[in-house]
Amino acid sequence: MDSKGKMIKSVNFIGITVLTLGIILFLLGFFENGYSLLTSIGIGTVIGAVFIFLIGMFFVATEEMLEKTKKGAPL
């Protein structure tokens, strides 16, 4: 498997793991009365997971575009 495939799989794994953790923290904080701090931590974790996923996909797309373009100008 090429490096792009490995990076996509690792970004997906990390993104899904952090997203699951964020959803669990949010639900725990939202439905439990004494843990209101966990609600904001859960929301931040979910947003962080989305950013991790988007930045990872941006890096993969950038790497692919750099491989497809001609490098250097002819003299």
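To start, this report covers the structure provided alongside it.

Cut-offs and rules
Residues numbered from 1 in each chain as written. Predicted model: local features only at pLDDT ≥ 70, side-chain atom pairs only at ≥ 80, totals over all residues. Heavy atoms only, no water. Helix = DSSP H or I, 4+ residues; strand = E, 2+ residues; numbered from the N terminus. Buried < 20%, exposed > 50% of the residue type's maximum accessible area, 1.4 Å probe, protein only. Expected span 1.5 Å × (residues − 1). Contact = heavy atoms within 4.5 Å. Phe/Tyr/Trp six-rings, centres within 6.5 Å; stacked < 30°, edge-to-face > 60°. Patch = residues over 30% accessible without salt bridge, like charges linked within 9 Å, V, L, I, M, F, W, Y side chains within 5 Å. Areas by Shrake-Rupley, 256 points an atom, 1.4 Å probe, with all protein chains shown as cover. Salt bridge = Lys/Arg side-chain N within 4 Å of Asp/Glu carboxyl O.

A short note on the side chain of Thr 45
Counting through the fold element by element, Thr 45 comes out in helix 2 (residues 36–68). Judged by its relative accessible area of 18%, Thr 45 falls in the buried class.

Some words on helix 1 (residues 3–31)
Side chains of residues three or four places apart in an α-helix project in the same direction, reflecting 3.6 residues per turn. For helix 1, which comprises 29 residues, the first-to-last C-alpha distance of 42 Å matches the rise-based estimate of 42 Å (1.5 Å per residue) to within 8%. Every buried residue belonging to helix 1 is among Lys 4, Gly 5, Val 11, Gly 15, Gly 22, Leu 25 and Gly 29, and all of these are buried. If you follow the buried residues of helix 1, they end up packed against helix 2.

Focus on the packing of aromatic side chains
Tallying each qualifying case throughout the model produces 3 aromatic pairs. Consider the rings of Phe 30 and Phe 31, whose centres lie 5.3 Å apart with planes at 80°: the pair is edge-to-face. By relative accessible area, which is 52% here, Phe 30 ends up exposed. The class of Phe 31 is exposed, set by a relative accessible area of 59%. Between the aromatic rings of Phe 58 and Phe 59, the centroid separation amounts to 6.3 Å while the plane-to-plane angle is 45°, which identifies the pairing as tilted. By way of ring pairs, the aromatic residues Phe 26, Phe 30 and Phe 31 are connected into one cluster.

A closer look at a nonpolar patch on the surface
Together, Ile 43, Ile 47, Val 50, Phe 51, Phe 53, Leu 54, Ile 55, Phe 58 and Phe 59 make up a nonpolar patch on the protein surface, roughly 870 Å² of accessible area in all. Within the fold, Phe 53 resides in helix 2.

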